[in-house]
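Next come the chains, spelled out residue by residue.
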Amino acid sequence: EDTDNRNSYKGENLNGAGYLSFKLTAGKLNLTAGLRGETGRMTLTSYDKIYEFTTRSKSYDYFDLYPSVNGSWNISKNELIRVAYGKSVNRQEFRELSSSVYYDFNLFSDVKGNPELKHATINNIDLRYEYYPSNNEYVTLALFYKHFKNPIEWTYLDAGGSYTYTFENALAANNMGAEADIRKNLSFIGLPSLTLGLNAAYIYSKVKFDKESSLERDRAMQGQSPYIINTSLFYDNEKWGVS
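How each quantity is defined
- Residues numbered from 1 in each chain as written.
- Predicted model: local features only at pLDDT ≥ 70, side-chain atom pairs only at ≥ 80, totals over all residues.
- Heavy atoms only, no water.
- Pairing = 2+ DSSP bridges.
- Helix = DSSP H or I, 4+ residues; strand = E, 2+ residues; numbered from the N terminus.
- Axes fitted to C-alpha atoms, helices over the stretch in contact; angles between N-to-C directions.
- Phe/Tyr/Trp six-rings, centres within 6.5 Å; stacked < 30°, edge-to-face > 60°.
- Buried < 20%, exposed > 50% of the residue type's maximum accessible area, 1.4 Å probe, protein only.
- Lys NZ or Arg CZ within 6 Å of the ring centre and 35° of its normal.
- Contact = heavy atoms within 4.5 Å.
- Patch = residues over 30% accessible without salt bridge, like charges linked within 9 Å, V, L, I, M, F, W, Y side chains within 5 Å.
- Areas by Shrake-Rupley, 256 points an atom, 1.4 Å probe, with all protein chains shown as cover.
- Salt bridge = Lys/Arg side-chain N within 4 Å of Asp/Glu carboxyl O.
- Core = buried A, V, L, I, M, F, W, Y, C linked by side-chain atoms within 4.5 Å.

S.K.: It is not clear to me how the sheet that holds strand 10 (residues 163-169) should be interpreted in this structure. Could you clarify?
M.R.: Where strands meet in a sheet, backbone hydrogen bonds hold them as pairs that are either parallel or antiparallel. Pairing in this open sheet of 4 strands is mixed, and the strands run 5-6-10-9 from one edge to the other. On the outer flanks of this sheet lie strand 5 (101-104) and strand 9 (152-158), each paired with one strand and no other. Strand-to-strand twist in this sheet, taken as the mean axis angle between neighbours without regard to direction, amounts to 35°. One ladder, built from 2 bridges, connects strand 6 (residues 109-112) with strand 10; its direction is parallel.

Below is the structure:
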């Protein structure tokens, strides 16, 4: 593999954050609201010549506010409905910003970063029903929706007979689905030390690209599975102190 000074870089990230939160309880209603402020600077320093040690730096300054609210309504002693909203962020990594090139042996292609990449922001909404039949059992059913602005996605550049992979900001993306999470003790079949867990989710996602500037076309989010299923079996013996 041939390399040169331009394939080296140095990164620095300074980040500061603070938040305010507020909690209100009124009868069966519980409400928690918060606001997080985040500010900082990412700086990427790269060599700009093949064999000389002259460098150039590019800085990315940011200040963002991320509100959140979580409200729950107690239907009964062991049932509730929860609604939540939160804004979050997916920041660029140094590797994604650097114009340095490396060869990926799985893709059989070069990979380079994109210095113009912007961070992605996500608006998250969650509607959830929760039922707790006992202290160590629960059933939760949820619907969720996420809207991405400037999602960071893999893409490719046509290098004349071969491809160079890189990263770009799509215009937007939507991610939505349903999830069930269940934990059930097996004492009803004579096995009180065993508890069965099940988590299953169905996810639909779609990314919208700029058709004038991108080689990509609208598709599912890169790396997003359409479904996830997890099962687990827990053993807990209080008498022996073993789990």
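Read on for the rest.
S.K.: Is there a simple way to think about unusual backbone geometry in this case?
M.R.: A negative phi holds for most residues other than glycine; trans holds for most peptide bonds. You will see that Phe108, though not glycine, has its phi angle at about 55°, which is positive. By the element assignment, Phe108 lies in the loop between strand 5 and strand 6. Residue Asn150 is not a glycine yet carries a positive backbone phi of 60°. If you trace the backbone, Asn150 turns up in the loop between strand 8 (137-149) and strand 9.

S.K.: For this particular structure, what's the right way to read the sheet that holds strand 7 (residues 120-134)?
M.R.: Here we have 9 strands laid out as an open sheet, ordered 1-2-3-4-7-8-11-12-13, and antiparallel in their pairing. On the outer flanks of this sheet lie strand 1 (9-26) and strand 13 (227-235), each paired with one strand and no other. When the angles between neighbouring strand axes are averaged without regard to direction, this sheet yields 10°. Bridging between strand 12 (residues 191-208) and strand 13 involves 9 bridges; their strand directions are antiparallel. The residue bridging Asn199 from the neighbouring strand is Asn230, located in strand 13.

S.K.: I keep staring at the packing of aromatic side chains and nothing clicks. Help me out?
M.R.: Two descriptors summarise a pair of aromatic rings, namely the distance from one centre to the other and the angle between the planes of the rings. Counted under the stated rule, the structure contains 4 aromatic pairs. Seen from their ring centres, Trp154 and Phe167 are 4.7 Å apart, and the 55° between their planes marks the pair as tilted. Within this pair, whereas Trp154 is found in strand 9, its partner Phe167 is found in strand 10, the two being separated by 13 residues in sequence. Take Trp154: its relative accessible area is 27%, and that puts it in the partly exposed class. By way of ring pairs, the aromatic residues Trp154, Tyr165 and Phe167 are connected into one cluster. The cationic tip of Arg91 hangs over the ring face of Tyr62; the distance from NZ or CZ to the ring centre is 3.7 Å. Its end group placed over the ring of Phe234, Arg183 keeps NZ or CZ at 4.3 Å from the ring centre.

S.K.: Hey, could you run me through the side chain of His119 in this one?
M.R.: Of note, His119 is situated in the loop between strand 6 and strand 7. We classify His119 as buried; its relative accessible area is 19%. The residues contacting His119, other than those within four sequence positions of it, are Tyr62, Asp64, Val89, Asn90, Arg91, Gln92, Lys149 and Asn150.

S.K.: Explanation requested: a nonpolar patch on the surface in the structure shown.
M.R.: Taken together, the side chains of Ile125, Tyr145, Met176, Leu198, Tyr202, Tyr204, Tyr227 and Ile229 present a nonpolar region at the surface, about 800 Å² in accessible area. With 3 residues, the single largest contributor to the nonpolar patch is strand 12. Within the secondary structure layout, Ile125 lies in strand 7.

S.K.: Would you mind showing me how to read the pairing of strand 1 here?
M.R.: The two faces of the sheet receive side chains in turn, since in a regular strand these alternate between them. With 18 bridges joining them, strand 1 and strand 2 (residues 29-47) adopt antiparallel strand pairing. Along strand 2, the bridge assignment pairs Asn13 with Met42. The hairpin turn running from strand 1 into strand 2, its antiparallel successor, is 2 residues long, and Gly27 in that turn takes a positive phi close to 65°.

S.K.: So what exactly am I meant to see when it comes to the nonpolar core here?
M.R.: As a rule of thumb, nonpolar side chains are buried together in soluble globular proteins. If you look at the biggest cluster of nonpolar residues, it comprises 9 residues: Met42, Leu44, Tyr60, Tyr62, Leu97, Val111, Leu117, Ile152 and Phe167. Counting residues per element, the ones that place at least two in this core are strand 2 and strand 3 (55-76). Discounting residues that sit within four places of it in the chain, Met42 has contacts with Glu12, Asn13, Lys58, Ser59, Tyr60, Tyr62, Gln92, Phe94 and Leu97. Formed by 7 residues, the second largest nonpolar core is a distinct cluster that contains Ile122, Ala170, Ala173 and Val207.

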